[in-house]
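Architecture at a glance
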Amino acid sequence: MENYKQILINHGIKPTFQRIKILEYLDKNKNHPTVDMIYSSLYPKVPTLSKTTVYNTLQIMQKRGLVSIMSSIDTESRFDYNYDFHHHFICRNCGKINDIYIDCNLKEKLIAEGHQVDEAHGSFYGVCRDCLKTIS
Ligand code: ZN
Ligand code: MN
């Protein structure tokens, strides 16, 4: 709890109880959640929470570099609390978004060409191994 408070302060975000709970959720779940997913999970424990608060908190967190918004997964924005350089594997069957770490020098190539890269989103689509087991 103290740790999450400090992370928020370090990013220039006022550490309210609700924001601390949202950050805790992001850290413990790493499931690239939507606003709704965070809200429905936290609401029973934090009844003062509203969807607007979740949405606004994520907007602030994105501006301060604490989360990134994943593009073009589905209609709702999904938020990623993992700033390590990584790609995603998205299962078309269960919808799970897995962080994957593969050798990829595309970022270095762009930098070598003189560009500045702040963010990268590489997405692979298919059926995950858990789903493959249940299908076959
Ligand atoms: Zn799956
Ligand atoms: Mn991710």
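As the structure is a prediction and not an experimental result, all values here were calculated from the model. Numbers given for residues are sequential positions, taken from 1 along each chain in its written order. Ligands are numbered from 1 and chains lettered from A, in the order in which they are written. Owing to the predicted nature of the model, reporting of local features is limited to residues with pLDDT of at least 70; listing and counting of side-chain atom pairs is limited to 80 or more, with chain, interface and lining totals taken over all residues. As a convention, hydrogens and water are excluded, and side-chain values are obtained from all of the structure's heavy atoms.

1. Quick look at the sheet that holds strand S4 (residues 97–100)
A strand pair is defined by DSSP finding two or more bridges across the two strands. In DSSP terms, a helix is any run of H or I states spanning at least four residues, a strand is any run of E spanning at least two, and both are numbered starting from the N terminus. Read from one edge to the other, the open sheet built from three strands follows the order S4-S3-S5, with strand pairing classed as mixed. Either end of the sheet is taken by a strand with one partner, and the two such strands are S4 and strand S5 (123–126). The mean inter-strand angle of the sheet, taken between neighbouring strand axes irrespective of direction, is 25 degrees. Helix axes use the C-alpha atoms of the stretch in contact, all axes being lines fitted to C-alpha atoms, and the angles between their N-to-C directions lie in the range 0 to 180 degrees.

2. Digging into unusual backbone geometry
Despite not being glycine, Lys30 has its phi angle at roughly 45 degrees, a positive value. As for its placement among the helices and strands, Lys30 is situated in the loop between helix H2 (17–29) and helix H3 (35–42). At His32, a residue that is not glycine, the phi angle is positive and equals roughly 50 degrees. Counting through the fold element by element, His32 comes out in the loop between H2 and H3. Partly exposed describes any residue whose relative accessible area lies between the buried limit of under 20% and the exposed limit of over 50%, with all areas from a 1.4 Å probe on protein chains only and scaled to the type maximum. A residue is classified by how much of its surface remains accessible, and His32, at 1% relative accessible area, is buried.

3. Brief notes about the coordination of the zinc ion (ligand 1)
Around the zinc ion (ligand 1), the protein contributes the donor atoms Cys91 (SG), Cys94 (SG), Cys128 (SG) and Cys131 (SG), which lie 2.3 Å from the metal centre. Metal donors were taken as nitrogen, oxygen and sulfur atoms no farther than 2.8 Å from the ion, or 3.2 Å where the ion is Na, K or Ca. Water is excluded, so coordination may look unfinished. Between 85 and 135 degrees for all angles marks four donors as tetrahedral; over 155 degrees for opposite donors together with 65 to 115 for all other angles marks four donors as square planar and six as octahedral; every other arrangement is irregular. Each of the four donor atoms bound to the zinc ion (ligand 1) contributes to angles spanning 105 to 117 degrees, and the resulting shape is tetrahedral. Written as a sequence motif, the donor arrangement for the zinc ion (ligand 1) is C-x2-C-x33-C-x2-C. With Cys94 in the loop between strand S3 (87–91) and S4 and Cys128 in the loop between S5 and helix H6 (129–135), this residue pair connects regions lying 34 residues apart in the sequence. Residue classification places Cys128 among the buried positions, given a relative accessible area of 8%.

4. Observations regarding the packing of H2 against helix H4 (residues 51–63)
Viewed as axis vectors pointing N to C, H2 and H4 meet at an angle of 70 degrees, and their least axial separation amounts to 10 Å. In terms of orientation, H2 and H4 fall into the roughly perpendicular class. Here Gln18, Arg19, Ile22, Leu23 and Leu26 of H2 lie close against H4, whose contacting residues are Thr53, Val54, Thr57, Leu58, Ile60 and Met61. Across the contact of H2 with H4, the residue classes tally to seven nonpolar, three polar and one charged. Our angle categories are set so that under 35 degrees counts as roughly parallel, over 145 as roughly antiparallel, 65 to 115 as roughly perpendicular, and the remainder as oblique. Here, residues are in contact when the closest pair of their heavy atoms is within 4.5 Å. For this scheme, ten residues count as nonpolar: Ala, Val, Leu, Ile, Met, Phe, Trp, Tyr, Cys and Pro. Four count as charged, namely Asp, Glu, Lys and Arg, and the remainder, Gly too, count as polar.

5. Examining the side chain of Arg19
With respect to the helices and strands, the residue Arg19 is situated in helix H2. Among buried charged residues, Arg19 stands out as having no salt bridge; its nearest opposite-charge side chain is Glu24, 14 Å away. Once residues lying within four places of it in the same chain are set aside, the contact partners of Arg19 are Leu8, Ile13, Lys14, Thr57, Ile60 and Met61. When charges are tallied, Lys and Arg are placed among the positive residues and Asp and Glu among the negative ones, while His and the ends of the chain are skipped. The salt bridge definition used is simple: a Lys or Arg side-chain nitrogen within 4 Å of an Asp or Glu carboxyl oxygen.

6. Considerations on the packing of aromatic side chains
Side-chain rings of Phe, Tyr and Trp (the six-membered ring for Trp) are treated as a pair once their centres are within 6.5 Å; stacked means planes under 30 degrees apart, edge-to-face means over 60, and tilted covers the remaining angles. According to the stated counting rule, one finds one aromatic pair in the structure shown. Where Tyr39 meets Tyr43, the ring centres are 5.4 Å apart and the plane angle is 35 degrees; that geometry is what we call tilted. Take Tyr43: its relative accessible area is 39%, and that puts it in the partly exposed class.

7. Focus: the environment of Ile100
Along the chain, Ile100 falls in strand S4. Ile100 sits in the partly exposed class, given a relative accessible area of 22%. As for Ile100 and His88, which are separated by 12 residues in sequence, their C-alpha atoms are 5.5 Å apart. Filtering out sequence-adjacent residues up to four positions away, Ile100 remains in contact with His86, His87, His88, Phe89 and Phe124.

The values reported here are purely geometric and, on their own, carry no functional implication.
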